[in-house]
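Each chain is listed here by its residues.
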Amino acid sequence: MLKDKTIVLGVCGGIAAYKAVELLRLIKKAGANVRVVMTQSALEFVGETTFRVLSENDVCTGLFNSKESSVRHIEWASEADAVVIAPATANIIGKMANGIADDALSTMMMAVTSKVMICPSMNTYMYENRAVQRNIDILEQDGFFILEPGTGELACKTSGAGRLPDPVLIFDRLVKLFYPKDLKGKKILVSAGPTREAIDPVRYISNHSSGKMGYAVAEAAEKRGGVVTLVSGPVSLSPPIGVDVIKIESAKQMADEIIKNMDDADIIIKVAAVADYRPSASHDKKIKKNGNLTASISIELTENPDILKMVGERKKERQFLAGFAAETQNLDVYALKKMEKKNLDLIVGNIVGVKGSGFEADTNKVKFFFRDGTTHDLPLMDKAKVAHKILDHISARVISS
Ligand code: PMT
């Protein structure tokens, strides 16, 4: 999303100014051209050289000290695809809310027409000060995106709100600014990952699902404005930012959580690879080996509830229900059968067992089958891209209905 975009990073004078260096690196790594504007107070905390070297651009520290142009702040404002101010002090917030332009950053902000994200960071009492809160409200009403500060111990030894969020979080929210908000306010329930069916306290039956596909769907839906709940089996992925994650282990627990959360949902997308069977009895003590290499032991299995089928039976007219079908062969036949049996609006047929597609891979090869008979066969692509393709189609159907 940030590739070849021009991002202006405004840095103000706060102890958190050092975190702006890491933020700059993340934005550069995403392929953007970054221009840094520093206030005079910011220069007291971090050197201009650091930002110049890492941004590979001149740093703007004043209105009149550019060798190239005396209207650089106007050029930078007009060429910006987005501006992020991190950390934003009470001073810049006050100036922007009240139309004051008396240095390079505040003057440039007067001319900015792009998306702007402001990341307040200061002492808790300053942050809670009525004037500061009033100014933040004004900036929000003016259409600026305010990233709430984190809470915790601050450099001034007080504890409370005012910490500049982690650069990874700021970066993620900056990227979000660039996505369409076609799913704004839509409640989206996603399932991801495998389930684990306990044999005894240390062993289980499961599958190779890494959660990558389901997490990509949840993340993409959140970026597009959805209010996302993700019911996730055990995976080693970080929770997608802004998504409410409910962790479960077994198919039974997944069924409980999906049924509990489905009534509220506008869109339900079941990506999880649910174990079809569980051991009929789970031992409460570890099963010990008996040392007899010729004897066999058996585990009796019981079928798990088909969660998607249960959801299909309960779903209301206004709800859109999508499932996945992981198949090694006869994709069309099996996928269409599942769509019918589980009362789905969409089934994403997923080719598994080939390199680069399905379980654990970063890419996926899928084909969409809609209830109205339309199909879309996609080439192999990143799971993030597959997720957005799924949402493009669902959004077109949900919004137009
Ligand atoms: O997690 P990754 O490593 O990224 O891999 C992604 C994936 C291959 C797991 C994913 O893309 C995928 O194809 N998920 C569905 C896998 C599957 O188990 O398909 P299925 O044909 O068994 O089930 C069909 C549908 O019914 C699925 O939506 C499944 O969530 C649902 N189901 C299945 C069994 C069951 N007891 N309850 C269910 O809800």
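Preceding this paragraph is the structure being described.
About the thresholds
- Residues numbered from 1 in each chain as written.
- Predicted model: local features only at pLDDT ≥ 70, side-chain atom pairs only at ≥ 80, totals over all residues.
- Heavy atoms only, no water.
- Near = heavy atom within 4 Å.
- Polar contact = N/O pair within 3.5 Å; in protein donor to acceptor, adjacent residues only side chain to side chain.
- Areas by Shrake-Rupley, 256 points an atom, 1.4 Å probe, with all protein chains shown as cover.
- Helix = DSSP H or I, 4+ residues; strand = E, 2+ residues; numbered from the N terminus.
- Nonpolar A, V, L, I, M, F, W, Y, C, P; charged D, E, K, R; others polar.
- Pairing = 2+ DSSP bridges.
- Axes fitted to C-alpha atoms, helices over the stretch in contact; angles between N-to-C directions.
- Contact = heavy atoms within 4.5 Å.
- Expected span 1.5 Å × (residues − 1).
- Buried < 20%, exposed > 50% of the residue type's maximum accessible area, 1.4 Å probe, protein only.
- Arc of directions from axis to C-beta.
- Phe/Tyr/Trp six-rings, centres within 6.5 Å; stacked < 30°, edge-to-face > 60°.
- Lys NZ or Arg CZ within 6 Å of the ring centre and 35° of its normal.
- Salt bridge = Lys/Arg side-chain N within 4 Å of Asp/Glu carboxyl O.
- Patch = residues over 30% accessible without salt bridge, like charges linked within 9 Å, V, L, I, M, F, W, Y side chains within 5 Å.
- Parallel < 35°, antiparallel > 145°, perpendicular 65-115°, else oblique.
- Left-handed = near helix turned anticlockwise from the far one by under 90°.

A. Up close: the site of the ligand. Taken together, 27 residues lie around the ligand, and S209, S210, A272, K338 and N350 are the ones closest in. Within the backbone of A272, an N or O atom sits 2.6 Å from an oxygen atom of the ligand. Here E360 contributes a backbone N or O atom positioned 2.7 Å from an oxygen atom of the ligand. Contact with the protein chains covers 95% of the free accessible surface of the ligand, which is 770 Å². Mapped by element, the contributors of at least two residues to the shell around the ligand are helix 10 (212-223), helix 12 (307-314), strand 17 (320-327) and helix 13 (331-342). The element contributing the most residues to the shell around the ligand is strand 17, with four residues. The residue makeup of the shell around the ligand, split by class, is twelve nonpolar, seven polar and eight charged.

B. A look at the sheet that holds strand 18 (residues 346-351). Taking strand neighbours across the sheet as the criterion, the eight strands line up as 13-12-9-14-17-18-20-21 in an open arrangement whose pairing is mixed. Of all the strands in the sheet, just strand 13 (244-247) and strand 21 (375-377) have a single pairing partner and so form its edges. Adjacent strand axes in the sheet meet at a mean angle of 15° when their direction is disregarded. Sheet topology places strand 17 next to strand 18; six bridges connect them, and they run parallel. When the bridges of strand 18 are listed, E327 appears paired with I351. Contacting strand 14 (267-270) and strand 17, helix 12 crosses the sheet at an angle of about 155° to strand 17.

C. Local environment of the side chain of D266. Mapped onto the elements of the fold, D266 is located in the loop between helix 11 (251-262) and strand 14. Only 2.7 Å separates the side chain of D266 from the backbone nitrogen of K187, close enough to count as a polar contact. Residues contacting D266, with those up to four places away along its chain left out, are G185, K186, K187, R318, Q319 and F320.

D. A look at helix 13. Look at helix 13: 16 Å from first C-alpha to last across twelve residues, which is about the 16 Å you get at 1.5 Å a residue. All of the buried residues along helix 13 are L331, A335, M339 and K342. Viewed along the axis of helix 13, the buried residues span an arc of 90°, placing them on a single side of the element. Helix 13 presents K337, E340 and K341 as exposed residues on the side facing more than 90 degrees away from its buried surface. Following helix 13 by one or two positions, N343 has its phi on the positive side, about 55°.

E. Quick peek at the side chain of Q319. Mapped onto the elements of the fold, Q319 is located in the loop between helix 12 and strand 17. Only 2.7 Å separates the side chain of Q319 from the backbone oxygen of M262, close enough to count as a polar contact. Within the structure, Q319 has its side chain in polar contact with the backbone nitrogen of K316 (distance 2.9 Å). If near-sequence neighbours (up to four positions away) are discounted, Q319 is found in contact with M262, D263, A265, D266, I268 and D345.

F. Representation of the packing of aromatic side chains within the structure. Tallied over the entire structure, the rule returns one aromatic pair. Between the aromatic rings of F368 and F370, the centroid separation amounts to 6.3 Å while the plane-to-plane angle is 80°, which identifies the pairing as edge-to-face. Comparing F368 with F370 shows no difference in burial state: the two are buried. If you follow R397 out to its NZ or CZ, it ends over the ring of F370, 3.6 Å from the centre.

G. Local environment of the pattern of salt bridges. The final tally for this structure, using the stated rule, is 26 salt bridges. R35 is the salt-bridge partner of E79, the closest N and O atoms lying 2.7 Å from each other. On the criterion of sequence distance, the pair formed by E79 in helix 4 (residues 72-79) and R35 in strand 2 (residues 33-38) is long-range, its members being 44 residues apart. Note on R35: relative accessible area 15%, which makes it buried. With a shortest N-O distance of 2.5 Å, D172 and R173 are connected by a salt bridge. Taken individually, D172 and R173 each receive the classification buried, so the pair is uniform in this respect. Taken together, the shared-partner salt bridges connect D172, R173, K176, E219, E222 and K223 into one network.

H. Geometry of a nonpolar patch on the surface. A cluster of nonpolar residues, Y277, I299 and L301, forms a patch on the protein surface that exposes about 280 Å² of accessible area. Here Y277 lies in strand 15 (residues 277-279). For Y277, a relative accessible area of 42% corresponds to the partly exposed category.

I. Broad picture of the packing of helix 4 against helix 6 (residues 104-111). It is the contact of helix 4 with helix 6, at a shortest axis distance of 8 Å, that shows an interaxial angle of 45°. Considering their axes alone, helix 4 and helix 6 lie oblique with respect to each other. Here helix 4 and helix 6 pass one another in a crossing that is right-handed. Of helix 6, the residues touching helix 4 (which contributes H73, I74, W76 and A77) are A104, T107, M108 and A111. Of the residues that constitute the contact of helix 4 with helix 6, the class distribution is six nonpolar, two polar and no charged.

On their own, these measurements won't tell you what the molecule is for.
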